[in-house]
Amino acid sequence: MDEVEAEAVPIDVTDADVDMALDACGGDPRATIRALLIAGQFLERELDEARQEASRGYVRRRPVRREMAAQE
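No experiment lies behind these values; they were computed from the predicted model shown. (Residues numbered from 1 in each chain as written. Predicted model: local features only at pLDDT ≥ 70, side-chain atom pairs only at ≥ 80, totals over all residues. Heavy atoms only, no water.)

A. Region of the structure containing the overall build of the chain. When helices and strands are tallied, the chain shows four helices and zero strands. Traced from its N-terminal end to its C-terminal end, the chain shows the element sequence α-α-α-α. Residues counted as buried form 4% of the 72 residues belonging to the chain. A total of about 6800 Å² of accessible surface is found on the chain, and carbon and sulfur atoms cover 55% of it. (Helix = DSSP H or I, 4+ residues; strand = E, 2+ residues; numbered from the N terminus. Buried < 20%, exposed > 50% of the residue type's maximum accessible area, 1.4 Å probe, protein only. Areas by Shrake-Rupley, 256 points an atom, 1.4 Å probe, with all protein chains shown as cover.)

B. Layout of a nonpolar patch on the surface. A surface patch of nonpolar side chains, amounting to about 320 Å² of accessible area, comprises Ile 11, Val 13 and Val 18. Of note, Ile 11 is situated in the loop between helix 1 (3-8) and helix 2 (15-24). Judged by relative accessible area, Ile 11 falls into the exposed class, the value being 77%. (Patch = residues over 30% accessible without salt bridge, like charges linked within 9 Å, V, L, I, M, F, W, Y side chains within 5 Å. Salt bridge = Lys/Arg side-chain N within 4 Å of Asp/Glu carboxyl O.)

C. A negative patch on the surface, seen in detail. A cluster of like negative charges, contributed by Asp 12, Asp 15, Asp 17, Asp 19 and Asp 23, occupies part of the molecular surface. Mapped onto the fold, Asp 15 is located in helix 2. (Lys, Arg positive; Asp, Glu negative; His and termini not counted. Charge placed at Lys NZ, Arg CZ, Asp CG, Glu CD.)

D. Molecular detail of the pattern of salt bridges. One pass over the full model with this rule turns up one salt bridge. Put simply, Arg 51 and Asp 48 hold a salt bridge, and the shortest N to O gap is 3.8 Å. Here Arg 51 and its partner Asp 48 are both found in helix 3 (residues 29-59), three residues apart, which amounts to about one turn of the helix. For Asp 48, a relative accessible area of 37% puts it in the partly exposed group.

What follows is the structure, given as structure tokens:
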């Protein structure tokens, strides 16, 4: 799926999902927003790492460093 197709897929967030996020943070909206921002940053880092590994591992057809270390 390319980037244009991914943007076309709607993200379904219900009121129940929002309530669950608020409940997880004790009903504090600022804490909920902070937690969601932290989660988003964490996922961005994970995605960046995955992109870097894919670039090294798939484009150059070389094993990723983690795989090489596991084999030793």
